[in-house]
Amino acid sequence: MLIAAAVLASASIGLAACSGTGAAASGGGSHLLGIVSIASGIDLNDNATKGATQAAEAAGWKVQVVDAQGDASKANAAITNFVNKGATAIITHVFPATSLGSGLAAAQAAGVPVGSWGGGKGPGIVVDTVTPLGKPSAEAMVADMGGKGSILALTYHGGQLCIDRETALDKVLAAHPGITVTKEEVSIPGFLQQGAQYANAWLSSHPAGTGPLAIWGCWDDPTLGAISSLEQQNRTDVLTYGIQGSKTAIAAIQSGKLSATAFEDGIKEGKDIFAALAKSVAAGGKGTPVTITESGQIIRKPDLAAFLKAHPEFN
């Protein structure tokens, strides 16, 4: 439960700092960047916000951030509010572009360019990012399982990143008929508790000795919630996988509780998407929409020394 408690504390701090009922503001320039986060308190989202904020403030922009708390209707309202405030540009986090119809329509009508971090293409979106980590994560897990066994997959359909990662998982598993998969969808908020609850139910029907077993989360936190159930039941026979590379996940790899994560550099991605947005603004909103393909890496315990040397902020 220590892992879950640590992440819950982080989430509480993040939500308090940037609630869905208002916007956290920084900077003082004439340009305004509005950022709509799907949920604060999740490392990757917060890092993307941090990277975009750092880049925007360095360019003399003011930044305001709204936490939509996993609710697409709040995200649409936040985009519209930013348009009404005269925002120069807007970044949305992870929400599928197809779920942001009214907000994107308002931005497009006002000529406000939108950057979609992990949410895909859509009307008025001039730049989107793709970080294809679902396939390498799934391949690492399947290799560790020897191509057979049972998996609990913790999914989330409110975010395009998780949708894409689940699709990649399905494609990898299609080539391995010896692996059975049980899917359970978590929600925001509640992903930690639900990860633990789904793991409890799944473990009861998958006792130790029933073959290679693994739990896969479309991001780190649901798997970390599941790990708390593994700890309670003293189960050390289940492999565990996440995607994101949060500080809590890295600590769990160090302690041997998490088998692997796929690290994604959210700060860099936030800076990259702002740079592309600023370029679009400078060009008067003209030009062909662009997709930025980012990269990541699988992190296991043997990789930690090199990873921590390259990322001392995780120490």
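Above this text is the structure in question.
Numbers given to residues run from 1 along each chain, matching the order in which its sequence is written. Given that the model is predicted, a residue must reach a pLDDT of at least 70 before its local features are reported, and side-chain atom pairs must reach 80 or more before they are shown or counted; all residues, however, enter totals for whole chains, interfaces and linings. Think of the side-chain values as coming from all heavy atoms in the structure, minus any hydrogens and water.

**Student:** What should I look at first to understand the environment of Ala 208 in this one?
**Tutor:** Only DSSP runs of H or I with at least four residues qualify as helices, and only runs of E with at least two residues qualify as strands; both kinds are numbered from the N terminus onward. Counting through the fold element by element, Ala 208 comes out in the loop between helix H7 (191-204) and strand S9 (213-217). The spatial distance from the C-alpha of Ala 208 to the C-alpha of Thr 236 is 8.7 Å, given a sequence separation of 28 residues.

**Student:** Before we go on, may I ask you to explain the pairing of S9 in this structure?
**Tutor:** Where a strand is regular, its side chains alternate between the two sheet faces. A large share of S9 lies buried, amounting to five of its five residues. Criterion used throughout: strands pair if DSSP finds at least two bridges between them. Bridging between strand S7 (residues 149-155) and S9 involves five bridges; their strand directions are parallel. Considered in S9, the bridge of Ala 153 is made with Trp 216. Bridge count between S9 and strand S10 (residues 238-244): four bridges; the pairing is parallel. Bridge assignment links Leu 213 to a residue of S10, and that residue is Val 238. If you view a crossover with the strands going away from you and the path from the first strand over the helix to the second runs clockwise, you call it right-handed. As for the winding sense of the linkage, the β-α-β connection from S9 through helix H8 (residues 220-232) to S10 is right-handed. Burial classes: relative accessible area under 20% of the type maximum marks a residue as buried, over 50% as exposed, and values in between as partly exposed (1.4 Å probe, protein chains only).

**Student:** Teacher, can you tell me more about the state of the cysteines here?
**Tutor:** Two cysteines form a disulfide when their sulfur atoms are joined by a covalent bond. Throughout, disulfides are identified as pairs of cysteine sulfur atoms within 2.5 Å of each other. Following the criterion strictly, the structure yields one disulfide and no others. There is a disulfide in this structure between Cys 162 and Cys 218, and the S-S distance comes to 2.1 Å. Between Cys 162 and Cys 218 the sulfur-sulfur dihedral comes to about 80 degrees; the bridge is accordingly right-handed. Here Cys 162 is found in helix H6 (residues 160-174), whereas its partner Cys 218 is found in the loop between S9 and H8, with 56 residues between them in sequence. Summarising the burial analysis for this pair, Cys 162 and Cys 218 share the class buried.

**Student:** What should I look at first to understand H7 in this one?
**Tutor:** Expected span, for any helix, means 1.5 Å times one less than how many residues it has. The terminal C-alpha atoms of H7 lie 20 Å apart, and with 14 residues this matches the ideal 20 Å at 1.5 Å per residue to within 8%. Of all the positions in H7, only Phe 191, Leu 192, Gln 194, Gly 195, Ala 196, Ala 199, Trp 202 and Leu 203 are classed as buried.

**Student:** In this structure, what is going on with the nonpolar core? I would like to understand it.
**Tutor:** Inside soluble globular proteins, nonpolar side chains tend to come together where they are buried. Membership of the largest hydrophobic core comes to 68 residues, with the highest contact counts inside it found for Leu 33, Ile 90, Trp 216 and Trp 219. Counting 23 residues, the second largest nonpolar core, distinct from the first, contains Ala 226, Ala 249, Ile 250 and Phe 307. Here, the term nonpolar core denotes a set of buried Ala, Val, Leu, Ile, Met, Phe, Trp, Tyr and Cys residues that are joined through side-chain atoms within 4.5 Å.

**Student:** Please explain the pattern of salt bridges as it appears in this structure.
**Tutor:** In a structure, side chains of opposite charge can pair up when their charged atoms sit close to one another. The term salt bridge refers to a side-chain nitrogen of Lys or Arg lying within 4 Å of a carboxyl oxygen of Asp or Glu. All chains considered together, the criterion is met by ten salt bridges. The salt bridge involving Glu 139 is made with Lys 135; its shortest N-O contact spans 4.0 Å. Here Glu 139 pairs with Lys 135, and both are found in helix H5 (residues 134-145), just four residues apart, close to one helical turn. Lys 135 sits in the partly exposed class, given a relative accessible area of 49%. A salt bridge links Lys 183 to Glu 166; the nearest nitrogen and oxygen atoms lie 2.8 Å apart. Of this pair, Lys 183 sits in strand S8 (residues 179-185) while Glu 166 sits in helix H6, placing them 17 residues apart in sequence. One continuous salt-bridge network, built from bridges that share partners, spans Glu 166, Asp 170 and Lys 183.

**Student:** Whenever I open this one, H6 confuses me. Can you help?
**Tutor:** Each α-helix winds once per 3.6 residues, and so residues spaced three or four apart point in a common direction. Here H6 spans 21 Å end to end across 15 residues, near enough to the 21 Å set by a 1.5 Å rise per residue. Those residues of H6 that fall on the buried side of the exposure criterion are Gln 160, Leu 161, Cys 162, Arg 165, Glu 166, Ala 168, Leu 169, Val 172 and Leu 173.

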